[in-house]
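This is what each chain is made of:
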Amino acid sequence: MNQQQKTVALVTGASRGAGKGIAVALGAAGATVYVTGRSRREGDASLPGTVDATAAAVTAAGGEGIAVYCDHADDAQVEALFAQILAEQGYLNILVNNATALHDALVTPGPFWEKPLELTDIWGVGMRSHYVAAYFAAPLLLEAQRGLIVNTSSFGGRIYMHGPAYGAGKAAVDKMAHDMAYDFKPHGVAVMSIWMGLLLTERSQRVFAAEPEKYAELMATCETPEFTGRIIAALFEDPDLMTRSGQVWIGAELAASYGVTDSDGSQPPSHREFFGPPTTFGEAVVE
């Protein structure tokens, strides 16, 4: 990480899964990492993990983990979060927008009208919460010598994946990154979406454990949750970071370009051949 200034990061939705892995990887790179979530104790959610446990893991990895209980559906709590970071650090280098609402019925087969309407919660904690976090983060990012916002996303922003609620949410955060990059460009803050592969999270491991033989081949292509964090750490060190701003990137391809491997030393594959290339946006600007 940048030795001229302590790197301060925030990873939202980090009690478990991708958020936890990203936070720990940034901690291993030496960052001070604020982690948010709603799980104060085991049992608060159907999956294991708490915000305090993630903060402790960040510190154990070599960084400084700071847990903040925050419901990203509540704008007042989000505003208070950034007020805390401002008071304690004075700036923010990296914002990873990862908080999201994933209903258990997300992967249930069938058309969207047979699924709960609550699947649209991903538009609130996901699409909207990314916007709100970036809104309150902006003054802190402008105070830093170097700034980066990453929206964690997936191929679901381009193809049919888990139905229209999920697809609309991911397509939205990808476009949001593109548009925010335009506003931030004069200030040297990069914004982008990273499409992650299939992650070996607590949620996916529960699915795999139920039918291990069925998913054996799929498991071999999985990325650990730390993999994306390693990519973000490499991005932040790239002197040409701004050239990547405003775009959607496949995480595995970024990793290959930076020589980043997963925590087990493997090189997870890009799924471009099967799912297609990242979304691209027009260059015209209407203000």
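Residues numbered from 1 in each chain as written. Predicted model: local features only at pLDDT ≥ 70, side-chain atom pairs only at ≥ 80, totals over all residues. Heavy atoms only, no water.

Visitor: Break down helix α8 (residues 225-237) for me, with residues and values.
Guide: A large share of α8 lies buried, amounting to 10 of its 13 residues. For α8, the set of buried residues is P225, F227, T228, G229, I231, I232, A233, A234, L235 and F236. (Buried < 20%, exposed > 50% of the residue type's maximum accessible area, 1.4 Å probe, protein only. Helix = DSSP H or I, 4+ residues; strand = E, 2+ residues; numbered from the N terminus.)

Visitor: Talk me through the packing of helix α3 (residues 75-88) against helix α4 (residues 124-143); I want residue IDs and the actual numbers.
Guide: In the contact formed by α3 and α4, the axes pass within 10 Å of each other and the chain directions differ by 30°. With respect to α4, the element α3 is oriented roughly parallel. Crossing of α3 against α4: the hand is right-handed. The residues of α4 that touch α3, namely those facing D75, V78, E79, F82, I85 and L86, are R128, V132, A133, F136, A137 and L140. Split by residue class, the contact of α3 with α4 holds nine nonpolar, no polar and three charged. (Axes fitted to C-alpha atoms, helices over the stretch in contact; angles between N-to-C directions. Parallel < 35°, antiparallel > 145°, perpendicular 65-115°, else oblique. Left-handed = near helix turned anticlockwise from the far one by under 90°. Contact = heavy atoms within 4.5 Å. Nonpolar A, V, L, I, M, F, W, Y, C, P; charged D, E, K, R; others polar.)

Visitor: Hey, could you go over the side chain of D262 for me, with residue numbers and the actual values?
Guide: Position of D262 among the secondary structure elements: in the loop between α9 (251-258) and α10 (272-275). Beyond its immediate chain neighbours, meaning those up to four positions away, D262 contacts C222, E223, T224, F227, R230 and P268.

Visitor: Explain the packing of aromatic side chains residue by residue, including any values.
Guide: All told, the structure shown has five aromatic pairs when counted by the stated rule. Judged by centre distance (4.9 Å) and plane angle (50°), the ring pair of F155 and W195 falls under tilted. Of the two residues, F155 sits in the loop between β5 (147-153) and α5 (164-184) while W195 sits in strand β6 (residues 189-195), which places them 40 residues apart along the sequence. By relative accessible area, F155 is classed as buried at 3%. Taking the centre distance of 5.1 Å and the plane angle of 40° together, the rings of F155 and F275 count as tilted. Residue F155 is located in the loop between β5 and α5, and its partner F275 is located in helix α10; the two are separated by 120 residues in the primary sequence. (Phe/Tyr/Trp six-rings, centres within 6.5 Å; stacked < 30°, edge-to-face > 60°.)

Visitor: Could you give me a rundown of helix α1 (residues 17-28), with the residues and numbers involved?
Guide: Between the first and last C-alpha of α1 there are 17 Å, a value that for 12 residues agrees with the 16 Å anticipated at 1.5 Å per step. Burial analysis of α1 places 10 of its 12 residues in the buried class, the great majority of the element. Looking at α1, one finds that the buried residues are G17, A18, G19, G21, I22, A23, V24, A25, L26 and G27. Following α1 by one or two positions, G30 has its phi on the positive side, about 100°. (Expected span 1.5 Å × (residues − 1).)

Visitor: How would you sum up the environment of G246? Please name residues and give values.
Guide: Locating G246 in the fold gives a position in the loop between α8 and β7 (248-250). Sequence-wise, G246 and G229 are 17 residues apart; in three dimensions their C-alpha atoms are separated by 19 Å. If near-sequence neighbours (up to four positions away) are discounted, G246 is found in contact with A177, H178, A181, V191 and F281.

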